[in-house]
Amino acid sequence: SAEERAGEPVFHVAELIRRAALGDAAPDAAWRRRHREWFGARAALASVALTARGSSAEMLRLRTEWPDITAAFDCSVSDGDKETAATISGGLLWFGVRAGRQQELIAMTRQACALPGAVDVALEAGLFSTRGFLAYQLGSMDEAAEWISAARERAERSDDHALRGLAAAFSAYLLTLSPTPS
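This is a predicted model, so every value here is computed, not measured.

Each value, and the rule that gives it
- Starting afresh in each chain, residues are numbered from 1 along the sequence in its written order.
- Selection of residues for local features in this predicted model requires a pLDDT of at least 70, selection of side-chain atom pairs for listing and counting requires 80 or more, and totals for whole chains, interfaces and linings are taken over all residues.
- Each side-chain value is derived from all of the structure's non-hydrogen atoms; neither hydrogens nor water enter the calculation.
- Helix numbering and strand numbering both begin at the N terminus, where a helix is a DSSP run of H or I of at least 4 residues and a strand a DSSP run of E of at least 2.
- Burial classes follow relative accessibility: with a 1.4 Å probe on protein chains only, a residue under 20% of its type's maximum area counts as buried, one over 50% as exposed, and anything between as partly exposed.
- In this analysis, two residues are considered to be in contact whenever any of their non-hydrogen atoms come within 4.5 Å of each other.
- The method behind every accessible area is Shrake-Rupley, applied with a 1.4 Å probe, and residues are considered shielded solely by the protein chains displayed.
- By definition, a salt bridge exists where a carboxyl oxygen of Asp or Glu is found within 4 Å of a side-chain nitrogen of Lys or Arg.
- The span you would expect from a helix comes to 1.5 Å times its residue count less one.
- Comment: arc refers to directions from the helix axis out to C-beta atoms.

Honestly, the overall build of the chain in this entry has me stumped. Any pointers?
Looking only at helices and strands, the chain features nine helices and two strands. When the helices and strands of the chain are placed in sequence order, the string is β-β-α-α-α-α-α-α-α-α-α. Expressed as a percentage of its 182 residues, the buried residues of the chain come to 38%. Taking contacts inside the chain between residues at least 6 apart in sequence as the whole, the part at least 24 apart equals 61%. When the accessible surface of the chain is summed, it comes to about 10,300 Å², and 56% of that surface belongs to carbon and sulfur atoms.

Pasting the structure below:
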C-alpha cells in the first residue's frame, strides 16, 4: 500500500510478501486461494465496468494486471478451482476483445470448461457465452454455435434476466449468420 508523507509516496509491503521476498516463506494454500479470489472478483467487476462509457481506466488496470490475472487463472486451474477459473476467464470477454487477446482468452475459457465439477448455472452461462463469442470472433463457427447454444440453455435455467437476454441475443445473431435451418 502507499501513503503520502511530505509530498513523497511511502510504500508498505505486506508482511507475507516481505517474508516471501526474503525467502523466509513460500505462499501457502491460503495465500494462493486469496490471490485467486482477489483476481476472480476483479474480473467479475471488469465484466460490467468494460461495457460502460469511460472504461479506459479499467482497460489500463487490466492491461497492467494481466500477468497477475493469468497467474491467478493458472493457479485456479492447477488447484482445480473451477469457480474462480470460470469467473476470471468468463468475466474478461470485453477485455479480450478490446485488448486483442482473443486467442489467449479463448484458451483460458477452454481450460476452465474442461475442469471437473459444477459451478453456479449463471456463472457457467457467462463462461460459455464468452467462449462462444470468442470462437465466433476467431472464425470457429461450429465451436461458436455449440457454446452459445449451451450458454443459452444454462442462462434459461438461471434467475438472471439480463444474462437470459444476452444469451438470446447472441443466439439470434448467430442464426442470422447461418440462415439455413439446421
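Whenever I open this one, the pattern of salt bridges confuses me. Can you help?
Where charged atoms of side chains with opposite charge meet at close range, the side chains can pair. The full count for this structure, using the stated rule, is 13 salt bridges. One salt bridge in this structure joins Arg110 and Glu143, with 2.6 Å as the shortest N-O distance. On the criterion of sequence distance, the pair formed by Arg110 in helix H6 (residues 102-114) and Glu143 in helix H8 (residues 141-156) is long-range, its members being 33 residues apart. For Arg110, a relative accessible area of 35% corresponds to the partly exposed category. Here Arg131 ties to Glu143 by a salt bridge, and the two come within 2.8 Å at their closest N and O atoms. A residue pair is termed long-range when its members are at least 10 positions apart, and Arg131 in helix H7 (residues 121-137) and Glu143 in helix H8 qualify at 12 residues. The two residues Arg131 and Glu143 agree in class, both being buried. Through salt bridges with shared partners, a single ionic network connects Arg32, Arg36, Asp79 and Asp81.

Help me understand the side chain of Ser171 in this model?
Inspection of the secondary structure puts Ser171 in helix H9 (residues 161-177). Its relative accessible area of 12% is what places Ser171 among the buried residues.

Just to check I follow, could you spell out the side chain of Arg131 for this structure?
The exposure class of Arg131 is buried, given its relative accessible area of 12%. Those residues in contact with Arg131, other than ones at most four positions away along the chain, are Ile106, Thr109, Arg110, Cys113, Glu143 and Trp147.

Even after reading the chapter, I still don't get H8, so can you show me in this structure?
The first and last C-alpha atoms of H8 sit 22 Å apart over 16 residues, in line with the 22 Å expected at 1.5 Å per residue. Within H8, the full set of buried residues consists of Glu143, Ala144, Trp147, Ile148, Ala150, Ala151, Arg154 and Ala155. An end-on view of H8 places all buried positions within 160 degrees of arc, on one side of the element. Residues of H8 that are exposed and angled more than 90 degrees away from the buried face: Asp142 and Glu146. On its buried face, H8 is in contact with H6, H7 and H9.

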